[in-house]
Amino acid sequence: MYPISRRSPRLELRELTVDDVDAVHSIYGSAEATEHLSFEPRSRDQVEQIVARSIAAAGKSPRDEYALAVVERDNARLIGFARLALDPHQQQGATIGFALRPDAWGVGYGVETVRLLLEVGFGELELHRIWGARSPRNSASAKTMLMAAMREDYTIREHIQKAGQWRDSVVHTILRQEWQPMQ
């Protein structure tokens, strides 16, 4: 499926372009934005490579990864990076993840982003199960996924190593029959 474009009242998920590198770097290069993610802040060169890989993955057939820009509809400003990746270890399953610019936090954009990813996964790809993992200390992400109808399912112990320390990941899941399409 190419190109992907999904909209909510305030946001749009769209394919990444080479022009998005600086905007994505403002997220992935930020210590604040990556605090609870599985990696340290990225350099601009690293982000340029991520965007290039994402653009290349969009052209694969069959496509197994959807790395998308999260854009405010009223001004076309890129405020986030969202990803849905088919999980090769489960039938009709995928994992999701997202990161938003800190200046876009606290206004419900995370919930809209997750709901848009679920629309792609269940509505377009007809998946059975979607899961996402978060840092145990990321209460905002927990609230976001719960508000998007995902449930806290289990903990993967010492799943991520970051800054030389092992960290658990809390997994949230949703099944197709639990999903409600956006209105």
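Above this note sits the structure.
No experiment lies behind these values; they were computed from the predicted model shown.

### Notes on the pattern of salt bridges
A side chain with one charge can pair with a side chain of the opposite charge if their charged atoms come near.
Next up, step 1: Under the definition given, this model contains 15 salt bridges.
Next up, step 2: With its nearest N and O atoms 2.5 Å apart, the salt bridge here joins Glu 112 to Arg 10. Placement of the pair is Glu 112 in helix H3 (residues 109–124) and Arg 10 in the loop between strand E1 (5–7) and strand E2 (11–15), with a sequence separation of 102 residues.
Next up, step 3: Given the relative accessible area of 11%, Glu 112 is considered buried.
Next up, step 4: Residue classification places Arg 10 among the partly exposed residues on the basis of a relative accessible area of 31%.
Next up, step 5: Notably, a salt bridge pairs Glu 72 with Arg 77, separated by 3.1 Å at the nearest N-O pair.
Next up, step 6: Given the relative accessible area of 8%, Glu 72 is considered buried.
Next up, step 7: A network of salt bridges, in which partner residues are shared, links Glu 72, Arg 77, Arg 101 and Asp 103.

### Overview of H3
Because an α-helix packs 3.6 residues into every turn, residues spaced three or four apart end up facing the same way.
Next up, step 1: Given a rise of 1.5 Å per residue, 16 residues ought to cover 22 Å, and the 21 Å separating the end C-alpha atoms of H3 matches this to within 8%.
Next up, step 2: Within H3, 13 of the 16 residues are buried, which leaves the element mostly enclosed by the surrounding structure.
Next up, step 3: Directly after H3, the chain includes Glu 126, whose backbone phi takes a positive value near 55°.

### Focus: the sheet that holds strand E3 (residues 65–72)
Within a sheet, each strand pairs with its neighbour through backbone hydrogen bonds, oriented either parallel or antiparallel.
Next up, step 1: If you walk across this open sheet you meet the eight strands as E1-E2-E3-E4-E5-E6-E8-E7, and the pairing is mixed. The two strands at the open ends of the sheet, each matched to only one other strand, are E1 and strand E7 (151–162). Averaged over all pairs of adjacent strands, the angle between their axes in this sheet comes to 25°, without regard to strand direction.
Next up, step 2: Relative to strand E6 (residues 129–134), strand E5 (residues 93–100) is paired through three bridges, and the arrangement is parallel. Paired with Gly 93 across the two strands is Arg 129, which belongs to E6.
Next up, step 3: Along the sheet face, helix H4 (residues 139–147) touches E5, E6, E7 and strand E8 (165–175) and points at about 165° away from the line of E6.

### A look at unusual backbone geometry
Next up, step 1: Note the cis peptide between Ser 61 and Pro 62, where omega equals 0°.
Next up, step 2: Relative to the elements of secondary structure, Pro 62 occurs in the loop between helix H2 (44–58) and E3.
Next up, step 3: If you check the backbone angles, Gln 92 has positive phi at about 50° while not being a glycine.
Next up, step 4: The phi angle at Glu 126 is positive, at roughly 55°, despite the residue not being glycine.

### Let's talk about the pairing of E2
Next up, step 1: The buried count for E2 comes to four of five residues, which makes it a mostly enclosed element.
Next up, step 2: Across three bridges, E1 lies against E2 in antiparallel orientation. Bridging across to E2, Arg 7 finds its partner in Glu 12.
Next up, step 3: Between E1 and the antiparallel strand that follows it, E2, lie three residues.
Next up, step 4: Bridge count for E2 against E3 is five bridges, and the pairing is antiparallel. Directly across from Leu 11, in E3, lies its bridge partner Glu 72.

Rules behind the numbers
Residues numbered from 1 in each chain as written. Predicted model: local features only at pLDDT ≥ 70, side-chain atom pairs only at ≥ 80, totals over all residues. Heavy atoms only, no water. Salt bridge = Lys/Arg side-chain N within 4 Å of Asp/Glu carboxyl O. Helix = DSSP H or I, 4+ residues; strand = E, 2+ residues; numbered from the N terminus. Buried < 20%, exposed > 50% of the residue type's maximum accessible area, 1.4 Å probe, protein only. Expected span 1.5 Å × (residues − 1). Pairing = 2+ DSSP bridges. Axes fitted to C-alpha atoms, helices over the stretch in contact; angles between N-to-C directions. Contact = heavy atoms within 4.5 Å.

This is a description of form; function is not addressed.
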